[in-house]
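# Observations on the three-dimensional arrangement
Now for the letters of each chain:
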Amino acid sequence: MSLSFGAPAVLALAALLALPWLAHLTRIQRKNRRAFGAMFVLRRIESDARRHRRVDDRWLMVLRMMMVGCVVGAGAAPVFRVPDPDPDVGRSDRVVVVVDRSLSMAWTDGSQSTFERAKSQAREVVGALPDGVNVAVLAFDDRVDGTSEGWLADAARAQDAIDALQQGWGASDLRLALLEARRMLADGPGEILVFSDESGPEILRDAADQVERIVAEGHALIPFAIGGRRDNVAVVSVDVTEGVDGARAAIGLRNFGQVAREVRCTVAVGGGRVIPLFANAAPRSKVELVASLPRDVDGEVGWVECEPDGLSADDVRAFALPQSSSAHVLIVDGDAGDTPVGAESHFVERAVESWGDARTTIVSPESWADTSLDNVTSVVLANVATPPTVEQFLPFVQRGGTLWVAMGSEVVPERFNAALGPLLPATLGVPGILAARDERGRPIVPHGGRNAADFLSPTLRAGLQSVRNHRQVDATPVEGAISLAHAADGGLALAVVRVGAGHVWLWTSTLDHAWSNLPLESVFVPLIHRILGAGRAAPVQLVRAGSSVHVPLENVHEDVRVRSGDETLSFQRTDRGVRWRPPTPGVYTIETRAGEIVARAGAHVVDGESDLLAEGSMAKIERSFESTRLTRSTPLATPLLGLALLLGLAQALMARQTRPS
Amino acid sequence: MAEIWDAALLERVRHLHRVARRLSDGLAAGHNRARRSDQGVEYAESREYVPGMDLRHVDWKALARRDRLVVKRQVADREFASVVVLDLSADMSTGGSDGGLPDLDESKAGRAIAVVATMLAFLHRHGEPVGLTFVAGEGFEHRVVPPRAGRRHLQLLMRQLALARPAGSARLGEALRELGARSRRACWLAVVSDGMEEPSAWIPALGAISARGSDVRMVHIYDQAEWAMADADGALLYSPEGGPTTSVEYRDVRHTFAQAADAYVQEVRAGLMSRGVRHVLSDVSGSLEKVLRGAIA
């Protein structure tokens, strides 16, 4: 509410309020005269008696001051304004109805979602518009869609258009919606009715400039805030970290509500296995739950699901399970060495042994030809002089196997390029010395970025920073390869490329400690697990429900389809993958016609829509640009004059009564 | 001058007599007026004994010599008169006189007149020659009535008291100095006044009279109800003796006035007692008998 004055200069006359005070203070005291026989003593304290001069007839003075105040106030033409809960609609001939369909509007109290309430209220308002008003209907979340018919002269058709609106999954972009509404009203003033919960930390702040322009252009912006108090708990993050002891999922829950909640969650890790968790979440706070993931999780999409509340879509979240599982690792050791620790395969074999369900087979390059790749999940070419050919490895890799190529003194780069060039993530060059043996070596710099993150977790990337190479083979990444780390001088250290369902990894240094301290660092074992476990399962991509997503498919040339459970979804095949819009949170698979899963996607809701608290209001923002907007005003001059008259009568009566006899 | 046969005046005189008699009876029971310790007596004459004379003063030597029963009469070595000074300034009128004859029960002047009447009656009863001097006031026939004994003299004094009413200013210091100059002989002196003048202006004069051997006391008349300023409102106060008015709110000055009044009384008391003058405080509504005992004892 606010109080404004039509003639504020009149308020300067408030100084007249002092007049009754002065009059009462200074007027001749109309007291009774009384003979006093001790005046001699009184004169001794006469200065004290005078100092305590009092205002005579205090209440009468107050009445008179109030009367003067009322007259002065009335002269200033005050107007009292309060927010108008029911502003008039339909005063212009064009009305744009904007309905928020963002994720936060999906909150339901059990009977009806906020979105349904918004549509219902919009229908009602449109139905009450006078004849001749043209209506346009827009719906927005992170994009704005209008009715395909543009302006509708018929209120019933406008109501049908409102009924046809569908709940979205995106974030709220109110600014975009208002921009579109302004565009529609570009050729003349009109009204913009916004039905939204106005929730989210920045939705109103971002839209403030559009509100200002709407006010400046003379449109009427009438917000209908729909929401009320809505408590919500959401799963906001799942971070998977891998270690020697296995992987852990750290699940972030945030209580956006104003009451404490006890939340029960489950973590599904594939194979029907579910891990239960409990949390006590204080109001407006975040709590973290940790679930230890079994060693034999199969690299599928993990799923966190918490007890549903009013907004159930954000109570679930997908995450990528670590892709390590039971494996058969075939190591082709190109340099058996003079001592056990001198063998290229020694450290890899020790690392695989720490696996829960894995075994290694070590062969020499000479006996490679007699080795079958059946039941082999990963092949390590460690310092091999004469590598096998592409033809020998391509089917293996394409069907999901992992090939890891590591360098050494036996490697002849040209032979590798010739034999395995099409598979390698980089073209090999000459070996180079980075540092002398007695020096520390060049540190490895892991790469960031989304592609690298798909292969190396933050823990692995951090661990790689302790690795130092004295020598490595120069390598140039090929198109489609993903560089994961380089040595401090810029030479590629680690790279990967997808080939069909599998991967080919390249480590440009050794897997023993001849050229690098990698096998001696703590990152070696989890790195082995990661590399040699990758490829068995289809890659997982985490995407946002409701948004158009693109999942790359490297070296997949067959026809594929996108499925969610038994349902096949429409999608668009691109040069490098598939594009589609996951309609809801959930797990999606990209499969060949034969049913082979070539990729997985876990869709979860957009971040930022779970906070249902409305901070501020659009009406308040609008009033900040023009204070008379959306208010009901009451002029106070006449009531003040009436009050002044009453006070005048009262003070006259009181003056008569207090006159001394 | 009021008519001798004025019924109201006669009634007032009778009333004074009654009051004085009642109070002086109470004072006389078991009470002797103390004389000053340095007051001496001497042989005046001898007389033939007749029945009724005091046998304590029989001249036994004369009986032995002349075989005659003779009684000696003794007198003080000096004549010790009693004088009462009554302040009837206009300030004494507060409490109910309203310009006419003061109410004997409710006004300061009335209280003062009652005290003086009683003193005069008591002293007369003891055969003392008594005199009366008015300071300020009006209505009386004689401002100064010299000390004398006798019933007629007492009647005269009572009449003057009955006629008197407050008026004018006391100028107490001047009046007491004049009194002191008029009578150089020691006497018994009572000053009945409200003392509403600067103490330094009149206390020394009273002290001078005491210093010459007189037995001096002051009966200090005040009105506690007036000094209490019990009203809730204020008033425009003025002195009946004239001067500017002062507007006061009682609630503002009540406490300060009480402190000032107390300080003034203490100043007067200290000043008088340091000069050998007895100070007796008398509230208008207080016990008259107690005051008289304090004054006459």
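The residue count restarts for each chain, going from 1 along the sequence in the order it is written. Chains carry letters from A onward and ligands carry numbers from 1 onward, assigned in written order. Owing to the predicted nature of the model, reporting of local features is limited to residues with pLDDT of at least 70; listing and counting of side-chain atom pairs is limited to 80 or more, with chain, interface and lining totals taken over all residues. Processing note: side-chain calculations cover all non-hydrogen atoms of the structure and skip hydrogens and water entirely.

### Looking at the interface of chain B and chain A
Working rule for contacts: check all heavy atoms of both residues, and any pair within 4.5 Å makes them a contact. The interface is formed by 37 residues belonging to chain B together with 21 residues belonging to chain A. Buried area adds together the accessible area that both of two parts lose upon being put together, with accessible area traced by a 1.4 Å probe. Of the roughly 2,800 Å² buried where chain B meets chain A, counting both sides, 61% is carbon and sulfur surface. The three residues of chain B that bury the most area against chain A are B:Leu236, B:Tyr238 and B:Asp252, which together make up 21% of that side's buried surface. Just to be clear on terms, a salt bridge is a Lys or Arg side-chain nitrogen sitting within 4 Å of an Asp or Glu carboxyl oxygen. The tally of links between chain B and chain A comes to 2 salt bridges. Residues B:Glu267 and A:Arg44 are paired through a salt bridge, measuring 3.0 Å at the closest nitrogen-oxygen approach. Any pair of N or O atoms that falls within 3.5 Å is considered a polar contact. Within protein, one atom must be able to donate a hydrogen and the other to accept it, and sequence-neighbouring residues count only if both atoms are side-chain atoms. Counting across the chain B and chain A interface gives 7 residue pairs in polar contact (both at pLDDT 80 or more). Only α7 (224-228), β8 (234-238), β9 (246-249) and α8 (250-273) of chain B provide two or more residues apiece to the side of chain B that touches chain A. In DSSP terms, a helix is any run of H or I states spanning at least four residues, a strand is any run of E spanning at least two, and both are numbered starting from the N terminus. When residues of the side of chain B that touches chain A are assigned to their parent elements, the largest contribution, 10 residues, is made by α8(B). Any residue outside Ala, Val, Leu, Ile, Met, Phe, Trp, Tyr, Cys, Pro, Asp, Glu, Lys and Arg is labelled polar, Gly included; the first ten of those are nonpolar and the last four are charged. Taken together, the residues of the side of chain B that touches chain A sort by class into 17 nonpolar, 9 polar and 11 charged. Any two strands with at least two DSSP bridges between them are considered paired. Two elements, strand β2 (residues 33-35) of chain A and β8(B), share 3 bridges in a ladder whose sense is parallel.

### Digging into α8(B)
Helical geometry: 3.6 residues make up each α-helical turn, so side chains three or four residues apart lie on a common side. All names here are of chain B. Taking 1.5 Å as the rise per residue, α8 with 24 residues should run 34 Å; its terminal C-alpha atoms sit 33 Å apart, in good agreement. The largest bend in α8 is about 30°, located at Thr-256. The complete set of buried residues in α8 reads Tyr-250, Asp-252, Val-253, Thr-256, Phe-257, Ala-260, Ala-261, Tyr-264, Val-265, Val-268, Gly-271 and Leu-272. For a helix, the expected span equals 1.5 Å multiplied by the residue count minus one. Bend at a given residue is defined as the angle between two axes, one fitted to the seven residues that end at that position and one fitted to the seven that begin there. A simple rule labels every residue: compare its accessible area, found with a 1.4 Å probe on the protein chains alone, to the largest value its type can have, and call it buried under 20%, exposed over 50%, or partly exposed in between.

### A short note on the nonpolar core
All names here are of chain B. Residues grouped as a nonpolar core are buried Ala, Val, Leu, Ile, Met, Phe, Trp, Tyr and Cys residues, joined through side-chain atoms within 4.5 Å. Ranked by size, the top nonpolar core spans 47 residues in total, and within it Leu-86, Met-119, Leu-120, Leu-132, Met-158, Leu-161 and Val-192 carry the most contacts. Elements supplying a minimum of two residues to this core: α1 (7-28), β3 (81-87), α3 (108-125), β4 (130-135), α4 (151-163), β6 (187-193), β7 (215-222) and α9 (288-296). It is α3 that contributes the most residues to this core, 12 residues altogether. Apart from residues lying up to four places away in sequence, Val-192 is in contact with Val-84, Val-85, Leu-86, Asp-87, Ala-112, Val-115, Val-116, Val-219 and Ile-221.

### Here we look at the sheet that holds strand β32 (residues 577-580) of chain A
Residues and elements named next belong to chain A. The strand order across the open sheet built from 3 strands is β28-β32-β31, with neighbouring strands paired in antiparallel fashion. What marks the edges here is a single partner per strand, and that holds for β28 (549-552) and β31 (572-573). Relative to β32, β28 runs antiparallel, the two being bridged by 4 bridges. Note that in β32 the partner of Pro-552 across the bridge is Gly-577.

### What about the environment of B:Ser285?
Here B:Ser285 lies in the loop between β10 (278-283) and α9. Remark: the alpha-carbon pair of B:Ser285 and B:Tyr222, spanning 63 residues in sequence, is separated by 9.3 Å.

### Let's talk about a positive patch on the surface
Residues and elements named next belong to chain B. Patch membership requires more than 30% relative accessible area and the absence of a salt bridge. Residues of like charge join within 9 Å; the nonpolar side chains Val, Leu, Ile, Met, Phe, Trp and Tyr join within 5 Å. All accessible-area figures derive from a Shrake-Rupley calculation using a 1.4 Å probe, and residue coverage is judged against the displayed protein chains alone. Counted charges follow a simple rule, with Lys and Arg positive, Asp and Glu negative, and His plus the chain ends left uncounted. Just so you know, the charge point we use is NZ for Lys, CZ for Arg, CG for Asp and CD for Glu. A grouping of Lys-61, Arg-65, Arg-66 and Lys-72 is seen on the molecular surface, where their side chains present a positively charged patch. Counting residues per element, the positive patch draws most heavily on helix α2 (residues 60-66), at 3 residues. By the secondary structure assignment, Lys-72 is in strand β2 (residues 70-76). The exposure class of Lys-72 is partly exposed, given its relative accessible area of 32%.

### Regarding the confidence of the model for chain B
Residue and element names in this part refer to chain B. pLDDT expresses, on a scale from 0 to 100, how confident the predictor is about each individual residue. On average, residues of chain B carry a pLDDT of 82, and 86% of them reach 70 or more. The low-confidence segment residues 30-40 (pLDDT under 50) makes 18 contacts with residues lying over four places distant or belonging to another chain. The ipTM, which scores confidence in the relative placement of chains, is 0.79 for this predicted complex, and the corresponding pTM is 0.48.

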